Protein chains: 4
Amino acid sequence: MGRTRDEEAKARILDASLEVLEELGYPGVTTEAIAERASASKATIYRWWPNKEAVMLEALREAVAQELPFPDTGTLKDDIRIQVHNFVKLLNSTRGRAFKGIIAAAQSDSTVAEAFLSIWVLPRRASARRGIERYKKELRPGVDLEVLLDALYAPLYYRLLIGHQPLTIEFADQMMELLWKGLHAPSPTDQPR
Amino acid sequence: MGRTRDEEAKARILDASLEVLEELGYPGVTTEAIAERASASKATIYRWWPNKEAVMLEALREAVAQELPFPDTGTLKDDIRIQVHNFVKLLNSTRGRAFKGIIAAAQSDSTVAEAFLSIWVLPRRASARRGIERYKKELRPGVDLEVLLDALYAPLYYRLLIGHQPLTIEFADQMMELLWKGLHAPSPTDQPR
Amino acid sequence: MGRTRDEEAKARILDASLEVLEELGYPGVTTEAIAERASASKATIYRWWPNKEAVMLEALREAVAQELPFPDTGTLKDDIRIQVHNFVKLLNSTRGRAFKGIIAAAQSDSTVAEAFLSIWVLPRRASARRGIERYKKELRPGVDLEVLLDALYAPLYYRLLIGHQPLTIEFADQMMELLWKGLHAPSPTDQPR
Amino acid sequence: MGRTRDEEAKARILDASLEVLEELGYPGVTTEAIAERASASKATIYRWWPNKEAVMLEALREAVAQELPFPDTGTLKDDIRIQVHNFVKLLNSTRGRAFKGIIAAAQSDSTVAEAFLSIWVLPRRASARRGIERYKKELRPGVDLEVLLDALYAPLYYRLLIGHQPLTIEFADQMMELLWKGLHAPSPTDQPR
DNA sequence: ATCTAATCGAGACGGTACGTCGAGTCTTCCC
DNA sequence: GGGAAGACTCGACGTACCGTCTCGATTAGAT
């Protein structure tokens, strides 16, 4: 019983957490800053989330919930390319900063790590796996789908997190081309017949 | 003239920072914890490093400085495999926790990010690039070396940081096989001649 | 119109406030603790009282309403002694803690101070004044009744609040004896004739 | 070893606590308010005092440390009168508010109670006892000094804390007169001879 | 026999202050 | 002049109560 949860306050808090993150960067995300911007009290935040990382995670999930459905063009290469392009654009938007922050938090907080996995990573991988499995016979036999998913997504996260080179569409295209054809120049003798 | 830097204290501080990191995890790494374990004072730490991330970074660099020279077996595939296997082992050791912590810190602290790049990432990539370039003619034309390096290393960092699947030697082998041959099963018509 | 006040809830709240006060001491008296113990809601408390001090005050008044009528033995000294003895016993009971709490609250909350005066202090003084005035001719001329009342009651509150010595019947008797006869040993020359 | 306590900061904190108390009243005395006004940090306050009451108590003690030495005019009645007058003036000054606050705090915090006793009450009583004992032969035999001290000081605290009547010099004089001579009009038969 | 409005328990809300912790700086004394 | 010890300011943490509010469920007196 009792008063029901104030959905408006919840929305204000989630919005505020992303705003603060994108304006001040991850170290600027404090519960007090979120509370002030959301015109909410810290107690309300802590009533519903265990820590600020959980707030940001939920905010991020809501913000990107409907984004990035795996496409269905009828062509494997196109499906993958569209998906990867969209993800590159997402990571290059202001959301990218949020991803960096949450992945950083996950390194030392296993609850964040688990939440990030179950809320974001695993659903996206499952969706992509289903999308790719439709073209299973086009894949070289022996290609493990989990490995393939890692090969597709890892370089994007890698450039986001390490920042040694920019995360561009061109890079993504080159990476996909490399994956598609392999790095090795087949010698005449080991070509399939 | 004045006393010179106490090298012994420096060593104690660097050792202590890795010990604390590996025992307590990243959030347990406080300057006070390092100082106490090293029997040093916080002032000494701040005199020689700008912040605790710099301490950890230097400690990490010293610890792994001589590790992982790019091998030279005479065979590209073997060189890469040996290098990747060694890196997998390193990330799975207690050092892996240090890498997670520093990469996390780099997400919100650009000085850490730059230091991590210049001290660890770029030198290792340069070494690997030189090692691979020796076999340039074995590579499929058009393969960009930067992209190839990303394709090799990114999946290892990815599994370290995201943790959706374990970072095993078998995984690394499957990933290299995928990269070597490509994901696509070439149809008879688009085979090279 | 509308539903009438729930007298049972009122009683539960008043009872609970004294229970909490006597069990947990004054800092344990929170509106939430009262509400929980009374199975009432905080809103109900605030609908009928301005703050928790008012609740405690009303509870205290109800609890001691009929206590301590000024006696009428026909002898001034006996009347006073009985009254003081009863008051000492009251302050040494669990009620004493309630008095301490309310007097403490009154120091920073003038509404509590005024309520405590009008509900407890002034009525009791008026009653005592009437009781003593019956024996006016036994009093030394020039004795102001207000001053006398202070001299009688102040030491009891003083020991209750300061706690430098226990508040015992013996102490009260010594105090009354001192007041009765005065502290000064009259020299032969200044004796009345 | 290490840096020594900053005596200036200590003084700023003690001063600030009294200032806040006298300007805002007891409920306005928060550690944060003291810290801000003293340009100190809350951590410094909590390093040296267990709570704000302890701060105020020490501040009060320092403020009144040298005040109120028991006088020595050679006449008991004069010594007492001077002492009581001075105490009345102290309680009626802005310090009175501090006394009210600390006595209130002592009702629910035994450490405050003990500190108030040992720092203020007991030393003052000891001093007064020594002062009065010099005139022991002037006192009526059987007068207990502890009881007499209570009779002298209790009415002052009582009017301060209860506030049913103002705490004036006139009141104090009447009280002392009452105590000196006793309340009872001796009948001819029970006069000393 | 309904309506209707005030009351109730429950508990979420915006606030304020708490007492703690760590960062990075500064001070004192020792070597 | 470097170093250990440790006090300092600052800012954020997560908690506890305050007094207000909104629910849905009673419970009268008025219709």
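Throughout what follows, the structure given in this document is the object of discussion. (Residues numbered from 1 in each chain as written. Chains lettered and ligands numbered in written order. Predicted model: local features only at pLDDT ≥ 70, side-chain atom pairs only at ≥ 80, totals over all residues. Heavy atoms only, no water.)

This part takes up the overall build of chain A. Across its full length, chain A holds nine helices and zero strands. Reading chain A from its N terminus to its C terminus gives the helix and strand order α-α-α-α-α-α-α-α-α. Once the C-alpha set of chain A is aligned to its principal axes, its extents read approximately 75 × 40 × 30 Å. Split into buried and exposed, the 193 residues of chain A put 52% on the buried side. Counting only contacts in chain A whose residues sit at least 6 apart along the sequence, the fraction spanning at least 24 positions is 62%. When the 26 basic and 27 acidic side-chain charges of chain A are each reduced to a single mean position, those positions are 2 Å apart. (Helix = DSSP H or I, 4+ residues; strand = E, 2+ residues; numbered from the N terminus. Buried < 20%, exposed > 50% of the residue type's maximum accessible area, 1.4 Å probe, protein only. Contact = heavy atoms within 4.5 Å. Lys, Arg positive; Asp, Glu negative; His and termini not counted. Charge placed at Lys NZ, Arg CZ, Asp CG, Glu CD.)

Attention shifts here to the protein's contact with DNA strand E. If you check the shell around DNA strand E, you find 49 residues, and the closest are W48(A), K42(B), T44(C), T31(D) and Y46(D). Counting only atoms of DNA strand E within 4 Å of the protein, the fraction found in sugar and phosphate groups is 63%. The separation between a phosphate oxygen of DNA strand E and a polar side-chain atom of R12(A) is 2.9 Å. When residues of the surface near DNA strand E are traced back to their parent elements, those giving at least two are helix 1 (7–24) and helix 3 (42–48) of chain A, helix 2 (31–38) and helix 3 (42–48) of chain B, helix 1 (7–24) and helix 3 (42–48) of chain C together with helix 2 (31–38) and helix 3 (42–48) of chain D. Ranked by residues supplied to the surface near DNA strand E, first place goes to helix 3 of chain C with five residues. (Near = heavy atom within 4 Å. Polar contact = N/O pair within 3.5 Å; in protein donor to acceptor, adjacent residues only side chain to side chain.)

Taken residue by residue, the interface counts 50 residues in chain D and 50 residues in chain C. Here chain D packs against chain C, burying approximately 4700 Å² in sum over the two surfaces, 66% of which is carbon and sulfur. Along the contact surface separating chain D from chain C lie two salt bridges. Here D150(C) makes a salt bridge to R159(D), at a shortest N to O gap of 2.5 Å. In this structure, the connection of chain D to chain C is made through twelve residue pairs in polar contact (both at pLDDT 80 or more). Of all the secondary structure elements, the ones that give two or more residues to the side of chain D that touches chain C are helix 6 (95–106), helix 7 (110–133), helix 8 (145–162) and helix 9 (169–181) of chain D. For the side of chain D that touches chain C, the leading source of residues is helix 8 of chain D, giving 14 residues. Taken together, the residues of the side of chain D that touches chain C sort by class into 30 nonpolar, nine polar and eleven charged. (Buried area = accessible area lost by both parts, 1.4 Å probe. Salt bridge = Lys/Arg side-chain N within 4 Å of Asp/Glu carboxyl O. Nonpolar A, V, L, I, M, F, W, Y, C, P; charged D, E, K, R; others polar.)

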